[in-house]
Amino acid sequence: MNGLQATFRGACAQAWANRRGFWFEITVMILNDLVWVVFWVLFFHRVGTVRGWNTNRILMLQAILTTGGGIVLGVFANARNIGRLAADGELDAALALPVPTLAYILVRKIQALNLGDTIFGVVLFVAIGHPSPSRVAMFLGGSAIAATVLTGFLVLIGSSSFFVGRNEGSELGFHAIVMFGSYPIDVFTGAGRAMLYSVVPAAFIAAVPARLVDSFDPGLAAGAAAAAVVFATLGVVAFNLGLRRYTSGNVWKL
Amino acid sequence: MTIEVSELSKAFVTGRKARRKTVDAVRDISFSVAAGERVAFIGPNGAGKSTSIKMLTGILHPSAGTISVLGLVPWQQRRQLAMRIGTLFGQRSQLWFELTPRQSFRMLGAIFGLSDQHLVRRVDELGELLDAGHLWDTPVRSQSLGQRMRCELAACMLHEPEILFLDEPTIGLDLLGKQLFRDLIVRLNQQRNTTIFLTSHDVADIESVAERVIVINHGEVIYDDSVEAMRRSLFATKYVDVGLAHPAEAPSLVGVTIAQHSPTMLRLVVDTEAQSIGTVVNAVLSSLPVADLSIADPPLESVIASIYSTARTP
Amino acid sequence: MNLRILRTAFGTATRRALREPGSFFVATGFYVAVVAMVGTLWRVAAASHHGTLAGYTAVGLFWYIAASESATMAISLRLVEEIGDDIVSGAIAVEMLRPVSVVAVRIAAEFGRAVPKLISCILAGTAVSLVVVGPPRNVGAALLSAISLVLAILCNIAAQHAFAGIAFWIRDARSTWFLYQKFVFVLGGMLLPIQILPTALEQIARALPFTAMAYAPARLAAGFFEPELLLVQSAWLVVLIGVAAATFQAGERRLQVVGG
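Just so we're clear, the structure is a prediction, and the values are computed from it rather than from any experiment.

## Some remarks on the state of the cysteines
Phase 1: Enumeration according to the criterion identifies zero disulfides over all chains in this entry.
Phase 2: Among the cysteines around B:Cys156, which has no disulfide bond, B:Cys151 carries the closest sulfur, lying 12 Å off.
Phase 3: For B:Cys156, a relative accessible area of 6% translates into the label buried.
Phase 4: You can see C:Cys155 has no disulfide; the closest cysteine sulfur is in C:Cys121, sitting 18 Å from it.
Phase 5: Classification of C:Cys155 by relative accessible area gives buried; the value is 0%.

What follows is the structure in structure tokens.
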């Protein structure tokens, strides 16, 4: 058992320590996600299709988004907290251990609530995704890409705290990417659409991987994989550059 | 030398844009520590103690100067160094809050690459040494602060570190807890020859743990000598506070000055080189209407003030 | 009830909210992003139906979303959870020692906290809507919508207190807000006008208080001049405050029994 595996097991044990709360949170999240399904069914029932999107496509998008997003916010729960940890000097304990800091932080905390998302996403896929071996493979690959892009993006914006101090930009970025990710991306055109493929890569955490499950396109797959590599790299580089400027909460905030 | 620090500085930039300014937390400090020494690194709040200890352990990158700890450069070889040192930072926990210490030790053991048998033996050993074996199976959540500190100390010693860095380890503990903790640290040092480097702003920590004192103030080293020497020159003072049942004259004794005198309260400053505390207390009890009595160390600020008023770094 | 205490609670909370420009920025930024996304979705949907959907025009739908999102986002996202935490941690017991109604003071303070965000959402929403789809169809109705938004927020705060009061009994405050929020989203008309719902569901929605929290101001902003909506909201407000007060009173007795 290496150090990171051990840390991950610790995080699991900690989340599991309050079993009743664990299942309660998961149930609540599943109900929450179910409401979105209800919303989309009602929407497309009334509206028909919107720029090529229908109930099936949006549910596939939801399946990928909740599976991938659940992995990030549930298993790598600290991905969302990087900004706060950096600004408040809470990385000391991690830095005192002989482990790679970012990886350690990411696996140190599990959020039961968001594991509900992943459970929901997988069940939704099984229910509506017509699983065949190749579609299952694409679903898993797509979810992994979604999770990687989201983690990289969250670490990247969270690391801004190393440079400019505590800021609300990362919280805004988090809400924005998840929100944009959960809607049919094609209602936007032009600059708005381009933005969702670059600055706020919401397209890659749901719409693009969902498209790959339904109609595989090698070019699109390569683009999605490239986005995962780019955002993962940006996240790691920004975090490690930031660590050099880490102040450990020693500076009195004026 | 185990620790070598030379011309070390750290500047923080704070504030945004127009209000941006640079704060020199540590300025040009140099010192070295030999293996097996017990060093207290002291100074008032904001003096730069924590910043220094965090540079020594590789958590912060210095702005200038060099550090060598066990022959390693901390901020470049942080992980290698972490395998050989133990760090305990105030109330930043290494333990999982909801789990028992024994569970946390298992994770930490894996992080430090200890084999299972080795870990089991080590945890038993630490339980005995820290008189804490009975705590290993109680979740941290339901332990008192003093108990938690002992578990934290065990956590940072699992891998038998050569140096222990302790940042304000007694903060928040009660009087008894503090004394217990101090005894432990000394025992560790004596049995294992572990080098101890501790920061504190509590005068008693220094007196009962350290052999050597380095005083830092406004980011500069202003004093570096043995505790023995410091005791002779600076810790020779005790405060005797007497609560008076009714107004009374203060006794006149050699080596005792009156710092404060009101109808209900009297503060005597005793030079323990010239007069024993016992004699003073006896005199007080026999000649005054005592309602309350306490003996205290002078605060660190007044120790530092007297360092300034006597001599600079020897 | 001493009005001065309520005024003080309101004023203090407003000033404190204004001192946190960061969270202000996040709330407004997110608001604009959501309105851009959801508003555009509905506009495109209406356009594919010859310009109207369940009686709403594309322009009206955009304004609808701008108003319904203002109504929900001006309030702290996790209000239910925050109140529940105070109950579970016992902080509420301290407030209960004061000789004023806990619920009244808390509602006044929450309203004070929401007002600056509401104003900035209304300004930002108006600006975005004007730029994207142009002026509202019925200016009179749009002005009524501003009043309706205030009532919507008060209803919402009162209802969240009633809902959070459950924490007195189940001692677990977390997560409950998710479900509450979802009721407002779907049955309250925040994400979609209730006329879009199947008829049976629409009837249920009309009978529940959630429409007072999003649908009412949004319907007005969409250009339907229906002043009676304000009356419905006012009635719900009275009921919800009553329920919240009753919940807290019962909870208080329970605290005394448990000795919490």
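Still more ground to cover, so stick around.
## Focus: the confidence of the model for chain C
All names here are of chain C.
Phase 1: Mean pLDDT over chain C works out to 87, with 94% of the residues at or above the 70 mark.
Phase 2: Mean pLDDT across the elements of chain C ranges from a minimum in helix α8 (residues 167–170), with 72, to a maximum in helix α11 (residues 215–221), with 97.
Phase 3: Our summary of model confidence lists the complex with pTM equal to 0.86 and ipTM equal to 0.83.

## Regarding the pairing of strand β11 (residues 256–261) of chain B
Residues and elements named next belong to chain B.
Phase 1: With five bridges connecting them, β11 and strand β12 (residues 265–271) associate as antiparallel partners. Considered in β12, the bridge of Val-256 is made with Val-270.
Phase 2: Counting the residues that bridge the hairpin from β11 to β12 gives three residues.

## Comments concerning the interface of chain B and chain A
Phase 1: Facing 29 residues of chain B, the contacting portion of chain A comprises 37 residues.
Phase 2: Here chain B and chain A share one salt bridge between them.
Phase 3: Applying the counting rule to chain B against chain A returns nine residue pairs in polar contact (both at pLDDT 80 or more).
Phase 4: Broken down by secondary-structure element, the contributors of at least two residues to the side of chain B that touches chain A are β1 (3–14), α1 (49–56), α2 (78–82), β5 (85–89) and α3 (101–111) of chain B.
Phase 5: Residue composition of the side of chain B that touches chain A, by class: 15 nonpolar, seven polar and seven charged.

## Examining the sheet that holds strand β13 (residues 290–296) of chain B
All names here are of chain B.
Phase 1: Strands sit in the order β11-β12-β10-β13 across an open sheet of four strands; the sheet is antiparallel. Looking along the sheet, the strands with just one partner apiece sit at the ends: β11 and β13. Adjacent strand axes in the sheet meet at a mean angle of 20°, parallel and antiparallel pairs treated alike.
Phase 2: Here six bridges tie strand β10 (residues 237–244) to β13, and the two strands are oriented antiparallel to one another. Of the residues in β13, the one forming a bridge with Asp-241 is Ser-294.
Phase 3: Running over the sheet, helix α9 (residues 277–287) touches β10, β11, β12 and β13 and is turned about 165° from β13.

## Observations regarding the interface of chain C and chain A
Phase 1: At the interface, 36 residues of chain C touch 31 residues of chain A.
Phase 2: Carbon and sulfur atoms supply 80% of the area that chain C and chain A bury against each other, a total of about 3100 Å² over both sides.
Phase 3: Our enumeration of links across chain C and chain A arrives at zero salt bridges.
Phase 4: Taken together, the connections running from chain C to chain A amount to three residue pairs in polar contact (both at pLDDT 80 or more).
Phase 5: Residue assignment for the side of chain C that touches chain A shows that the elements contributing at least two residues are α2 (21–47) and α9 (176–186) of chain C.
Phase 6: Looking at the side of chain C that touches chain A element by element, the count peaks at 16 residues for α2(C).
Phase 7: Residue composition of the side of chain C that touches chain A, grouped by class: 25 nonpolar, eight polar and three charged.

## What to know about the side chain of C:Asn156
Phase 1: Position of C:Asn156 relative to the elements: it lies in helix α7 (residues 139–164).
Phase 2: When neighbours within four sequence positions are excluded, C:Asn156 is seen to be in contact with C:Ala71, C:Thr72, C:Ile75, C:Tyr180 and C:Met213.

## Remarks on the packing of helix α5 (residues 145–155) of chain B against helix α6 (residues 175–192) of chain B
Residues and elements named next belong to chain B.
Phase 1: At a minimum axis distance of 11 Å, the contact between α5 and α6 shows a crossing angle of 20°. Comparing the axis directions of α5 and α6 gives the class roughly parallel. As for the relative orientation of α5 and α6, their crossing is right-handed in sense. The segment α5 lies against α6, with Met-149, Arg-150 and Leu-153 engaging Leu-180, Phe-181, Leu-184 and Ile-185.

## Regarding the nonpolar core
Phase 1: A:Phe43, B:Ile3, B:Phe31, B:Val69, B:Leu153, B:Phe197 and C:Trp42 are the most contacted members of the largest nonpolar core, which has 246 residues in total.
Phase 2: Grouped together as the second largest cluster of nonpolar side chains are 11 residues, B:Val256, B:Leu266, B:Leu268 and B:Val270 included.

## Looking at unusual backbone geometry
Residue and element names in this part refer to chain B.
Phase 1: The backbone of Leu-70 shows a phi angle near 55°, a positive value even though the residue is not glycine.
Phase 2: Structurally, Leu-70 is set in the loop between β4 (64–69) and α2.
Phase 3: Although it is not a glycine, Asn-193 adopts a positive phi angle of roughly 60°.
Phase 4: Relative to the elements of secondary structure, Asn-193 occurs in the loop between α6 and β7 (195–200).

## Some remarks on helix α4 (residues 79–89) of chain C
Phase 1: C:Leu79, C:Val80, C:Glu81, C:Ile83, C:Gly84 and C:Ile87 are the residues of α4(C) that are buried.
Phase 2: Of the residues flanking the end of α4(C), it is C:Gly90, one or two places downstream, whose phi is positive at about 95°.

## Remarks on the environment of B:Leu114
Residues and elements named next belong to chain B.
Phase 1: Topologically, Leu-114 is positioned in the loop between α3 and α4 (116–129).
Phase 2: In this structure Leu-114 comes out as buried when scored by relative accessible area, which is 17%.
Phase 3: C-alpha of Leu-114 to C-alpha of Trp-75: the two residues are 39 residues apart in sequence and 24 Å apart in space.
Phase 4: Those residues in contact with Leu-114 that sit more than four places away from it in its chain are Gly-109, Leu-119, Leu-158 and His-159.

## Observations concerning the pattern of salt bridges
Phase 1: Per the stated rule, a full pass over the model turns up 21 salt bridges over all chains.
Phase 2: Where B:Arg267 meets B:Asp241, a salt bridge forms, and the shortest distance between an N and an O atom there is 2.8 Å. In this pair, B:Arg267 is assigned in strand β12 and B:Asp241 in strand β10, connecting sequence segments 26 residues apart.
Phase 3: For C:Arg219, the salt bridge goes to C:Glu226, with nearest N and O atoms at 3.0 Å. In this structure, C:Arg219 and C:Glu226 share a single accessibility class: buried.
Phase 4: Residues joined in a network through salt bridges with shared partners are B:Arg122, B:Glu125, B:Glu160 and B:Arg192.

Rules of the game
Residues numbered from 1 in each chain as written. Chains lettered and ligands numbered in written order. Predicted model: local features only at pLDDT ≥ 70, side-chain atom pairs only at ≥ 80, totals over all residues. Heavy atoms only, no water. Disulfide = S-S within 2.5 Å. Buried < 20%, exposed > 50% of the residue type's maximum accessible area, 1.4 Å probe, protein only. pLDDT = per-residue confidence, 0-100. Helix = DSSP H or I, 4+ residues; strand = E, 2+ residues; numbered from the N terminus. Pairing = 2+ DSSP bridges. Contact = heavy atoms within 4.5 Å. Salt bridge = Lys/Arg side-chain N within 4 Å of Asp/Glu carboxyl O. Polar contact = N/O pair within 3.5 Å; in protein donor to acceptor, adjacent residues only side chain to side chain. Nonpolar A, V, L, I, M, F, W, Y, C, P; charged D, E, K, R; others polar. Axes fitted to C-alpha atoms, helices over the stretch in contact; angles between N-to-C directions. Buried area = accessible area lost by both parts, 1.4 Å probe. Parallel < 35°, antiparallel > 145°, perpendicular 65-115°, else oblique. Left-handed = near helix turned anticlockwise from the far one by under 90°. Core = buried A, V, L, I, M, F, W, Y, C linked by side-chain atoms within 4.5 Å.

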